[in-house]
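Chains, contacts and geometry: an overview
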Protein chains: 2
Amino acid sequence: MATGTEEIQKMFISYNNIHKSCQKIAKQIMEKGERPDVIIAITGGGMIPARIIRSFLKSKGQKNIPIQAIGLSLYEDLGLDDHAETIGKEVIRTQWLDFGSLEQHFDSLIGKRVLIVDEVDDTRTTLHYAVTELEKEVKEQQIKLRRTDEETVFSIFVLHNKDKTKKADLPDDMMKNDRYLAAETVPDVWLCYPWEAIDIEEHTKLAIQQGNN
Amino acid sequence: MATGTEEIQKMFISYNNIHKSCQKIAKQIMEKGERPDVIIAITGGGMIPARIIRSFLKSKGQKNIPIQAIGLSLYEDLGLDDHAETIGKEVIRTQWLDFGSLEQHFDSLIGKRVLIVDEVDDTRTTLHYAVTELEKEVKEQQIKLRRTDEETVFSIFVLHNKDKTKKADLPDDMMKNDRYLAAETVPDVWLCYPWEAIDIEEHTKLAIQQGNN
């Protein structure tokens, strides 16, 4: 990352930079022996890093890690309501796990390593919602299936964590056990992701100039 | 695309090339006035083009187009069975549409323009399955909800269509009405997508050399 980023209002990020961020975090995960059993991509932002990191979480002869997508939007982004009283109400689901199809070919999430992927941790609201809801559902399933002795381990991977006051927390044990993985911690600037670029060649040049290639 | 691709065994494709392919197809869609109401990404390969093309299917003041993911794998890729007797049996679902969450915030697919996105059309088996099953489910819903007078329009966008004998067809009216959109038609070579690249800088150089940047 460029030095003196405090002065940069817009941070341009190239695709190749994102690719390398995914590789870096995948390497950390593999070195700790914590290869996930399933990746959960938060759409839309998590889809690109989720697909890329999957390539590097593969060992020889192993199958691709299954990806499930969940759609989460903040009410404020949808322009529906920015006066929600609680965190839970600020997030709406547009898609959730398909436990039916998942279990048919994969068992359930119980006892699995689950890697949740998004592009940016801004206010932490969406990530808080994802982890809390997924943990809750898995616990309900465990009770239903009488498999309460199995431990399900959630980790988070984001490309960028914005260094700012968060509106919500993540579980203590996740933070303590280094299962919150941000490829870069950045100031609270405008992150220009390549998939929004009208002129990708110009965008890539700006990213290279800023050292984000 | 490079000339003389018949001789290239491996075709290297850069991220920026994929970005431009998405922009090109989005422009065609917008010029025809056929902006989709929902994008359905086939995981894992469709996730990256789906997220990119969404950026360019947006008009000023409009909301982001919702993305739903469906997980489809070929049995043969999973090493489970390559002797399936019918096309339907060759594909397994790892995730399907979440009609519950979808309808809560978006109505249903009935009467909508639906854009199905994948990275490559190889044998056409997965795309055939996706369109056929989605059409079937929408028709069932229409009957159930007594909304049989509304027309649901499916389109397909792929980055690459391999010029080879296909194992399955797509609906005639889709092909006739230019609703099958391939950014590039390529020979039956090994497509090296950037998200699989161990060395992305080297990969990008090779893509540039081949004219795929």
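Note that this is a predicted model, so its numbers are computed, not measured.

Calculation rules
- Residues numbered from 1 in each chain as written.
- Chains lettered and ligands numbered in written order.
- Predicted model: local features only at pLDDT ≥ 70, side-chain atom pairs only at ≥ 80, totals over all residues.
- Heavy atoms only, no water.
- Pairing = 2+ DSSP bridges.
- Helix = DSSP H or I, 4+ residues; strand = E, 2+ residues; numbered from the N terminus.
- Axes fitted to C-alpha atoms, helices over the stretch in contact; angles between N-to-C directions.
- Contact = heavy atoms within 4.5 Å.
- Least-squares fit on C-alpha atoms with pLDDT ≥ 70 in both.
- Core = buried A, V, L, I, M, F, W, Y, C linked by side-chain atoms within 4.5 Å.
- Buried < 20%, exposed > 50% of the residue type's maximum accessible area, 1.4 Å probe, protein only.
- Expected span 1.5 Å × (residues − 1).
- pLDDT = per-residue confidence, 0-100.
- Parallel < 35°, antiparallel > 145°, perpendicular 65-115°, else oblique.
- Left-handed = near helix turned anticlockwise from the far one by under 90°.
- Buried area = accessible area lost by both parts, 1.4 Å probe.
- Polar contact = N/O pair within 3.5 Å; in protein donor to acceptor, adjacent residues only side chain to side chain.
- Nonpolar A, V, L, I, M, F, W, Y, C, P; charged D, E, K, R; others polar.

1. Considerations on the sheet that holds strand β7 (residues 180-186) of chain B
Residues and elements named next belong to chain B. Taken in spatial order, the six strands of this open sheet run β4-β3-β2-β5-β6-β7, and their pairing is mixed. Every interior strand has two partners, whereas the edge strands, β4 (91-95) and β7, have only one. Here the strands of the sheet are splayed against their neighbours by 25 degrees on average, with no regard to which way each runs. Strands β2 (38-43), β3 (67-74), β5 (113-121) and β6 (153-162) of the sheet are contacted by helix α2 (residues 47-56), whose axis makes an angle of about 160 degrees with β2.

2. Describing the relation of the copies chain A and chain B
Here chain A sits on chain B after a turn of 180 degrees about the axis and a move of 0.0 Å along it, with an RMSD of 0.0 Å. Both copies of the chain, as the preceding transformation shows, are related through a two-fold rotation axis. Most of the interface of chain A is mirrored in chain B, where 100% of its interface residues are also at the interface.

3. As for the nonpolar core
Membership of the largest hydrophobic core comes to 66 residues, with the highest contact counts inside it found for A:I52, A:I53, A:F157, B:I52, B:I53 and B:F157. Beyond its immediate sequence surroundings of up to four residues, B:I53 is in contact with B:C22, B:I25, B:A26, B:I29, B:I39, B:L115 and B:F157.

4. With respect to unusual backbone geometry
Residues and elements named next belong to chain A. Cis geometry is adopted by the peptide bond preceding G44, which originates at T43 and carries an omega value of -15 degrees. The residue G44 is located in the loop between β2 (38-43) and α2 (47-55) in this model. Positive phi, normally seen in glycine, also occurs at R146, with a value near 55 degrees. Mapped onto the fold, R146 is located in the loop between α6 (125-145) and β6 (153-162). Classification of R146 by relative accessible area gives exposed; the value is 78%.

5. Re helix α1 (residues 15-31) of chain A
Between its terminal C-alpha atoms α1(A) stretches 24 Å, which fits the 24 Å expected from 17 residues at 1.5 Å a residue. Phi turns positive, to about 70 degrees, at A:G33, one or two residues after α1(A).

6. Observations regarding the pairing of β2(B)
All names here are of chain B. Judged by how many residues are buried, β2 sits mostly within the fold: six of six residues are covered. Here β2 shows two buried faces, one formed by V38, I40 and I42 and the other by I39, A41 and T43. Here β2 pairs with β5 via four bridges, running parallel. Note that in β5 the partner of I40 across the bridge is I116. Pairing between β2 and β3: five bridges, direction parallel. Looking at the pairing, I42 lines up with I70 of β3.

7. Brief notes about the confidence of the model for chain A
All names here are of chain A. Predicted confidence across chain A gives a mean pLDDT of 89, with 87% of residues reaching 70 or more. Here residues 80-88 is modelled with pLDDT under 50, and outside its nearest four sequence neighbours on either side it reaches eleven contacts, counting other chains as well. At the level of chain-chain contacts, confidence expressed as ipTM amounts to 0.91, with global pTM at 0.91.

8. Remarks on the packing of helix α1 (residues 15-31) of chain B against α2(B)
Residues and elements named next belong to chain B. Running from amino to carboxyl end, α1 crosses α2 at an angle of 50 degrees, the nearest separation of the two axes being 8 Å. By the angle between their directions, the pair α1 and α2 is classed as oblique. The hand of the α1/α2 crossing is right-handed. Touching I18, H19, C22, Q23, I25, A26, I29 and M30 of α1 are P49, I52, I53 and F56, all from α2.

9. Re the interface of chain A and chain B
Counting residues at the interface gives 41 residues for chain A and 41 residues for chain B. Surface buried jointly by chain A and chain B totals about 3,400 Å² across both partners, of which 52% is contributed by carbon and sulfur atoms. At the boundary of chain A and chain B, one finds 20 residue pairs in polar contact (both at pLDDT 80 or more). The element contributing the most residues to the side of chain A that touches chain B is α2(A), with seven residues. Split into classes, the residues belonging to the side of chain A that touches chain B amount to 19 nonpolar, 14 polar and eight charged.

10. Considerations on the packing of α1(A) against helix α8 (residues 200-209) of chain B
Between α1(A) and α8(B), the least distance of the axes is 10 Å, while the angle of their chain directions is 145 degrees. Residues A:N16, A:H19 and A:K20 of α1(A) touch α8(B), and the partners they reach there are B:I200, B:E201 and B:T204.

11. Some thoughts on the environment of B:D37
Take B:D37: it is sitting in the loop between α1 and β2. Reaching out from B:D37, the side chain makes a polar contact with the backbone nitrogen of B:R113 at a distance of 2.7 Å.

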